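# Reading the structure
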Amino acid sequence: MKNYDLIVVGAGIVGLAHAYAAATRGRSVLVIERDAACLGASIRNFGFVTITGQRAGAHWRRAMRSRDVWAEIAPKAGIDVLHAGLWLTARRPAAAAVVEAFMQTEMGAGCELLTPAQAAARHPALRTEGLQSVLYSPHELRVESRTAIPQLALWLQQALGVDFRFGESVTEVATPRVTTSRGRYHAERVVVCNNADPGGLFAGEWTDNQVQLCQLQMLRVQPQAGFKLEGSVMGDLSLVRYEGYSALPEAAALRAELEREEAQSLKHGIHLIAVQSADGSLVVGDSHHYGSAPQPFASEAVDQLMLRHMNEALHIDNAQVVERWTGIYPSSAEAPCFVKAPDAATRVVAVTSGSGASTAFGLAEEVWTAW
């Protein structure tokens, strides 16, 4: 039996990032995935590599590094970068105050604060009437998650020699031995990146970090022909959700105003994100509901709230919803990610903030460097 330098449990973006970090350092790598293909949170999100608004400090730096890795890997792996940049519209004066405060932080470097007229000239799809200002960030990238994740896995296999075993559930990790539903494997080190499985491998690590599950609702919307986004779009509600904004003192007044005016949206954890796919359709979301066992049922009322925010932000006529789905990811109020070491040769790694696509490559480099 082949002895690997590293076995990775889980073929989502966090697992693939760890495989990449090891393979580019000349290590032999095996990735084991319980499903026949990656079907979890990594393919159900926006494919939005979000920098602006990440928690200040280490997590923001992980996002910046991950963005650079995505930009380097994408052309090699045949992954299309569909658009770049973020347009965050500030409709309320209190929202404009948060944006202005953000621009004074180190995370505002490279960003621009635009007047509504300037934003309209550069991004005609935005509804700029009634806006106070628009924050533009050039840092973000957008890929199509559903195709980018399998393309990334294929490239890791073909270009870097990473081995994959799909359709195998890992039943025990006792490094250097890993036992699955189909056999046994050996590796000097093991990284467990099995997303949200609180009752599975290393269940105690999830409990100790107060991890719960977050379910989100997503939509694919077909706008009118010729509609074009110049980058990803967010709005006022994002400023009280993303910690890079919400931790600023100025966010308290905005939250109080939104609690009066958008109580239902806050109740369902809604904030607008809209991105565009190669076929012209938009991926729109999202909502956030938390618990130990979120129900697999989507709410039409939540969808309608998200669509209202989309219509308020964009010049869209007669848009049709062509697809609906839910996703689940691990969430913790303690930290946006965690790394645990059950023993010297094993690591349990999770991104617990819904920012796996945005930060996984940077996090994986940290894990490997510190090991």
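Residues numbered from 1 in each chain as written. Predicted model: local features only at pLDDT ≥ 70, side-chain atom pairs only at ≥ 80, totals over all residues. Heavy atoms only, no water.

Helical geometry: 3.6 residues make up each α-helical turn, so side chains three or four residues apart lie on a common side. Among the 11 residues of helix H3 (residues 93-103), eight are classified as buried, and the element is accordingly described as predominantly covered. Considered for burial, the residues of H3 that qualify are Ala94, Ala95, Ala96, Val98, Val99, Ala101, Phe102 and Met103. (Buried < 20%, exposed > 50% of the residue type's maximum accessible area, 1.4 Å probe, protein only. Helix = DSSP H or I, 4+ residues; strand = E, 2+ residues; numbered from the N terminus.)

On to the pairing of strand S9 (residues 177-180). As paired strands, strand S8 (residues 170-174) and S9 are joined by four bridges and run antiparallel to one another. For Val173, the partnering residue across the bridge sits in S9 and is Val178. Where S8 folds back onto S9 in an antiparallel hairpin, the turn is made up of two residues. In this structure, S9 lies alongside strand S10 (residues 184-192), joined through three bridges in antiparallel fashion. Within S10, the residue paired with Val178 across the bridge is Tyr185. Connecting S9 to the antiparallel partner S10 that follows it, the hairpin turn spans three residues. (Pairing = 2+ DSSP bridges.)

This part takes up the packing of helix H1 (residues 13-23) against helix H11 (residues 356-370). Between two packed helices, the angle of one axis relative to the other and the distance separating the axes together describe the packing. The N-to-C vectors of H1 and H11 enclose an angle of 40°; their axes lie 8 Å apart at closest approach. Here H11 runs oblique to H1, going by the angle between their axes. The way H1 lies across H11 gives a crossing that is right-handed. Every residue of H11 that contacts H1 at Ile13, Val14, Ala17, His18, Tyr20, Ala21 and Ala22 is listed here: Gly356, Ala357, Ala360, Phe361, Ala364, Glu365, Val367 and Trp368. Among the residues making up the contact of H1 with H11, the classes are represented as 12 nonpolar, two polar and one charged. (Axes fitted to C-alpha atoms, helices over the stretch in contact; angles between N-to-C directions. Parallel < 35°, antiparallel > 145°, perpendicular 65-115°, else oblique. Left-handed = near helix turned anticlockwise from the far one by under 90°. Contact = heavy atoms within 4.5 Å. Nonpolar A, V, L, I, M, F, W, Y, C, P; charged D, E, K, R; others polar.)

Moving on: unusual backbone geometry. Here the residue pair Thr175 and Pro176 is connected by a cis peptide bond, since its omega of 20° sits within 30 degrees of zero. Looking at the secondary structure, you find Pro176 in the loop between S8 and S9. Here the amide bond leading from Gly285 into Asp286 is cis, since omega sits at -10°, within 30 degrees of zero. Its place among the elements puts Asp286 in the loop between strand S14 (282-285) and strand S15 (289-291). One non-glycine residue, Phe202, lies in the positive phi region at around 50°. Relative to the elements of secondary structure, Phe202 occurs in the loop between S10 and helix H6 (203-208). The exposure class of Phe202 is partly exposed, given its relative accessible area of 24%. One non-glycine residue with positive phi stands out, namely Asn318, at about 55°.

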